[in-house]
Amino acid sequence: MTQKLALTPPMGWNSWDCYGASVTEEEVRANAAYMAEHLKPFGWEYVVVDIQWYEPRANSSKYRPFVPLEMDDYARLIPAVNRFPSSKDGQGFKPLGDYIHSLGLKFGIHIMRGIPRQAVHAGSKILGTDATARDIAHTNSICPWNTDMYGVNAAKEGAQAYYQSLFQLYAQWGVDFVKVDDIAASRLYHFHADEIGLIREAINQCGRDIVLSLSPGPAPTEQAEFLKEHANMWRMTDDYWDQWELLHAMFERCEKWYSHVEPSHWPDCDMLPLGHIGIRSVDGGGADRWTRFTPDEQVTMMTLWCIFRSPLMFGGELRDNDDWTLSLLTNPEVLRVLHHSHSCKPHLRERDRIIWTAEDEEIGKYVALFNTGEQTGMLEIVLSDLGISHACQVRDLWRREDIGGIDHSVLLEVPSHGARLLKLY
């Protein structure tokens, strides 16, 4: 069940922002090695291979339509051997998963909702049933941006068996995290509750603990209880990139979802487009580049994701991290907010001034100050407005320095598009 997994927001690396659909085994292994050496002590643990690992000729984030995919005899997609050489002889992702586990990390993959079109057209068998792919396919339920799959008709005999065969295979490979796409929201079909239910049951029956992440967004807030029952994290947004307008819009999304943030169930702000991205991924309005976010905008994003307690999935090529990017990912005082706070909520939003708060019984209260305006501004913290009736000390968590004691209020400078993250104790 979902309740015993992801007790804190999952943290990891995902290949999409830098490699699109074209990541190779060598690149995955190298990023995993970097994570083990530099990030694991700070809670980073998932290494996730994003979309189309089964497409031999994938070369960017632009999908090649209706091309042959690598697939076994039971309609299950398998890694392309030319890109993932260790998968030869039917080994699938097990050797790669074993390597990632040997580093003390966890292994994740991306899949698309549904069953491969080529399996439907070939009438492939479904493992554990007399049904075929053609019998269970919902051929009118298609993804508007990728041609690999048809939806699965949950009412058909064999539908549950198909998803169970998938997750049995993933369990054999040692998969710890599955990101299912085209399922949490759809431009054509909205919300695929039936297939989410099939996937949840398949995970429950596979014999392995697997974190379930649902994409894309925005997932509907009216489905919040259903999502918490079936998944560990779900996207609140469509694909998020290094554009200020998208970051600014995330405040409103967080305001809609903050009351549903709880252990094992995490509304997801999407990936962190930081560091060196766009290497072979041309989505997001750019090619090979370093993040277009300014340093202040990067601090704003990390501050919001941490006080809201969104999962953190880094999108850049880890091996190219500079000292600044690494510092954003390894500040223990900031990451404590992500790991140990609770009861996050918006405290103030007046034009371009935004304040969020969260609690930590062992530490005190966290306060995040955001300035979304175009000029440096001053934000005031009034203790009584925060429910604090006594003097307290203030510490700046990003700067890792004490500001001093206050008994009533404090006025702090916040740069344009920037943030301050404070501990009051």
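So, how was this worked out
Residues numbered from 1 in each chain as written. Predicted model: local features only at pLDDT ≥ 70, side-chain atom pairs only at ≥ 80, totals over all residues. Heavy atoms only, no water. Helix = DSSP H or I, 4+ residues; strand = E, 2+ residues; numbered from the N terminus. Buried < 20%, exposed > 50% of the residue type's maximum accessible area, 1.4 Å probe, protein only. Lys, Arg positive; Asp, Glu negative; His and termini not counted. Salt bridge = Lys/Arg side-chain N within 4 Å of Asp/Glu carboxyl O. Contact = heavy atoms within 4.5 Å. Disulfide = S-S within 2.5 Å. UniProt positions renumbered as here; feature names shortened; annotations may be inferred. Expected span 1.5 Å × (residues − 1). Pairing = 2+ DSSP bridges. Axes fitted to C-alpha atoms, helices over the stretch in contact; angles between N-to-C directions.

Colleague: Account for the side chain of Asp 268, naming residues and giving values.
Modeller: By secondary structure assignment, the location of Asp 268 is in strand β10 (residues 266–268). In this structure Asp 268 is buried but unpaired, with Arg 235 as the nearest side chain of opposite charge at 5.2 Å. Discounting chain neighbours no more than four positions away, the residues touching Asp 268 are Met 233, Trp 234, Arg 235, Met 236, Thr 237, Ser 310 and Pro 311.

Colleague: Any chance you could break down the state of the cysteines for me, citing the residues and the numbers?
Modeller: The final tally for this structure, using the stated rule, is 0 disulfides. Its sulfur unpaired, Cys 344 is 8.0 Å from the next cysteine sulfur, which belongs to Cys 254.

Colleague: Quick rundown of the UniProt feature "domain: Alpha galactosidase C-terminal" (unreviewed entry) in the protein? Include the residues and the values.
Modeller: Mapped onto this numbering, the UniProt entry annotates "domain: Alpha galactosidase C-terminal" (unreviewed entry) at residues 353–424. Regarding residues 353–424, the helix share stands at 0% and the strand share at 64%, and the terminal C-alpha atoms are separated by 19 Å.

Colleague: Residue-level account of helix α10 (residues 295–308), with values.
Modeller: The end-to-end C-alpha distance of α10, which contains 14 residues, comes to 20 Å, matching closely the 20 Å that a straight helix rising 1.5 Å per residue would cover. The buried fraction of α10 amounts to 12 of the 14 residues, a majority that puts the element mostly inside the structure. Among the residues of α10, Glu 297, Gln 298, Val 299, Thr 300, Met 301, Met 302, Thr 303, Leu 304, Trp 305, Cys 306, Ile 307 and Phe 308 are the ones counted as buried.

Colleague: Tell me about the sheet that holds strand β15 (residues 353–360), and name the residues and values.
Modeller: Strand order in the open sheet made by the 6 strands is β14-β15-β16-β21-β18-β19, with antiparallel pairing throughout. Among the strands making up the open sheet, the edge pair consists of β14 (342–350) and β19 (401–406). Adjacent strand axes in the sheet meet at a mean angle of 20 degrees when their direction is disregarded. With 3 bridges joining them, strand β18 (residues 392–396) and strand β21 (residues 418–424) adopt antiparallel strand pairing. Bridge pairing links Asp 396 to Leu 422 in β21. Each of β14, β15, β16 (364–371) and β21 touches α10; the most contacted strand, β21, lies at about 40 degrees to it. Helix-sheet contacts for helix α12 (residues 332–340) involve β14, β15, β16, β18 and β21, and the interaxial angle to β15 is about 70 degrees.

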